[in-house]
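# Summary of structural features
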Amino acid sequence: MDSPFDLSDETGYRAWREAKLAAYPRSVDELVVPLADPRRLTAAETGSLEDRCARANMAIYSAPHLPAADKSLARELARQLGLMRLEGNYLADEDGLSSITPADDEGTLRGDYIPYTHKPINWHTDGYYNALDRRILGMTLHCAQDAEAGGENALLDHEIAYIQLRDTDPDCVAALMQPDAMTIPARMDENGVARPAQSGPVFAVDPEQGFLYMRYTARTRSIAWKDDALTQRAVKTLAEILADSPYILSARLQPGMGLVCNNVLHTRSAFSDSPGRRRLLYRGRYYDRLGFAARAGGTAGKVE
């Protein structure tokens, strides 16, 4: 299969790159799709979501007129977009969605993990520590309540990060495609190994469907990069790109708004709550990609 992600095919890459950059949104407002009822999408609404996801691997929906705390909004929307295989991680709610809100005490199970605090979260894709047969390909965030202040998300399509890195130094892309480029050490608990160490690439191409996916975290603790000069240079170069990419889109989700995406790169800024306004987002992690019409190799026309 011809692929724009083949480092030996410069002609194919250049054609795909030109189309991708021409279509990519320059403002987060271009991602927003108003929905009458996320639980019952119309054909026009589905087409609008598909258009945004084709351009940027993500879309933001808005339905502020409905009860924002209703979890069925996020769950049923995801189902209509082909996100069926929900990861029920051990911190998730019984329905598999995770209620991302600050824990009452940092000494609790959830309070030990940064998503459940008021702290900022650096660039990452969700589930970067998962085994490769449990890749998180799709992700949703639904805002039930925004914070009193802060809590913005920076967003960047991983295909754009790939373009910027390849344009800077193709050898860096090759380094981050190595199967042992990034290792997440084992997570231990009182019973021993709760999750074994997991090695894998940062960028990889699905061998069957040809799409590009990414597993990445900018954190500097609990991570081991391959100890060679090229990989170290690639990690530094990618971090520099993420620090000031002109393609970064910033969004502050408000109640009734949400993100659907093919697990793009994202951050979260620090935030503060008040007693009557406690930030709450419902997060879904899926083993599926968004289920629009098939596309080959990540071209900018349609989303698989």
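Each chain has its residues counted from 1, following the order in which its sequence is written. The predicted nature of this model means local features are confined to residues of pLDDT at least 70 and side-chain atom pairs, given and counted, to a pLDDT of 80 or more, with totals for whole chains, interfaces and linings taken over all residues. With hydrogens and water set aside, each side-chain value is computed from the structure's full complement of heavy atoms.

Before going further, it helps to examine helix α4 (residues 158–168). For every residue, the accessible area obtained with a 1.4 Å probe (protein chains only) is divided by the maximum for its type, and the residue is called buried under 20%, exposed over 50%, and partly exposed between those limits. Strands here are runs of E lasting at least two residues and helices are runs of H or I lasting at least four, both read from the DSSP assignment and numbered beginning at the N terminus. Most of α4 is tucked away: nine of the 11 residues are buried. Counted as a polar contact is a pair of N or O atoms within 3.5 Å, where, for protein atoms, one must be capable of donating a hydrogen and the other of accepting one, and residues adjacent in sequence contribute only when both atoms are in side chains. The N-cap of α4, judged by a side-chain oxygen 2.9 Å from the amide nitrogen of glutamate 159 a few residues on, is aspartate 157.

This part covers the nonpolar core. The definition of a nonpolar core used throughout is a set of buried Ala, Val, Leu, Ile, Met, Phe, Trp, Tyr and Cys residues joined through side-chain atoms within 4.5 Å. Met58, Ile60, Leu156, Leu176 and Tyr216 are the most contacted members of the largest nonpolar core, which totals 54 residues. If sequence neighbours within four positions are ignored, isoleucine 60 has contacts with Val28, Leu31, Val32, Val33, Leu155, Ala251, Leu253, Met257, Gly258 and Leu259. Of all hydrophobic cores here, the second largest spans 17 residues; its members include Leu41, Ala59, Ala78 and Leu290. We call two residues in contact whenever any of their non-hydrogen atoms come within 4.5 Å of each other.

Every case where a carboxyl oxygen of Asp or Glu lies within 4 Å of a side-chain nitrogen of Lys or Arg is listed as a salt bridge. Under the counting rule described, the total for this entry stands at 27 salt bridges. Between aspartate 167 and arginine 17 there is a salt bridge; the shortest N-O distance is 2.7 Å. Here aspartate 167 is found in helix α4, whereas its partner arginine 17 is found in helix α1 (residues 10–23), with 150 residues between them in sequence. On the accessibility criterion, arginine 17 (22% relative accessible area) is partly exposed. Note that arginine 252 and glutamate 152 form a salt bridge whose closest N and O atoms lie 4.0 Å from each other. With arginine 252 in the loop between β15 (249–251) and β16 (257–261) and glutamate 152 in the loop between β6 (149–150) and β7 (153–156), this pair connects stretches of sequence that are 100 residues apart. Residue classification places arginine 252 among the partly exposed positions, given a relative accessible area of 26%. Glutamate 152 sits in the partly exposed class, given a relative accessible area of 29%. Each of the salt bridges in this network shares a partner with another, and the network as a whole consists of Glu87, Asp126, Arg134, Arg283 and Arg285.

Let us look at the layout of surface pockets. Here a cavity denotes a set of grid points, spaced 1 Å apart and computed over the protein atoms alone, in which a 1.4 Å probe fits but from which it cannot get out, and a pocket denotes an open set meeting protein on both sides within 12 Å along at least five of seven lines; residues with an atom within 4 Å of a point are reported as lining. Grid points are joined across faces, edges and corners, and a volume is the space filled by probe spheres set on the points. Quantified by volume, the largest pocket comes out at close to 1300 Å³. In this structure, the largest pocket is lined by 46 residues; those nearest its centre are Tyr113, Pro115, Tyr128, Tyr129 and Arg219. Residue contributions to the lining of the largest pocket peak at four residues, all from strand β4 (residues 121–124). Of the residues in the lining of the largest pocket, the class split is 21 nonpolar, 13 polar and 12 charged. The space that makes up the second largest pocket amounts to roughly 210 Å³. If you trace the second largest pocket, you find 14 residues lining it, with Arg85, Arg135, Leu137, Tyr287 and Asp288 closest to the centre. Classes in brief: Ala, Val, Leu, Ile, Met, Phe, Trp, Tyr, Cys and Pro nonpolar; Asp, Glu, Lys and Arg charged; the others, Gly included, polar.

Here the focus is α1. Helical geometry note: an α-helix holds 3.6 residues per turn, so side chains three or four residues apart project in the same direction. Relative to the 20 Å expected for 14 residues at 1.5 Å per residue, α1 spans 20 Å between its end C-alpha atoms, a close match to the ideal helical length. If you check which residues of α1 are buried, you get Tyr13, Trp16, Lys20 and Leu21. When α1 is viewed along its axis, its buried side chains cluster within an angular range of 125° and face the same direction. Opposite the buried face of α1, by more than 90 degrees, sit the exposed residues Thr11, Glu18 and Ala22. On its buried side, α1 packs onto α2 (43–56) and α4. By this rule, a helix spans an expected 1.5 Å times one less than how many residues it contains. Arc, as used here, means the arc of the directions from the helix axis to the C-beta atoms.

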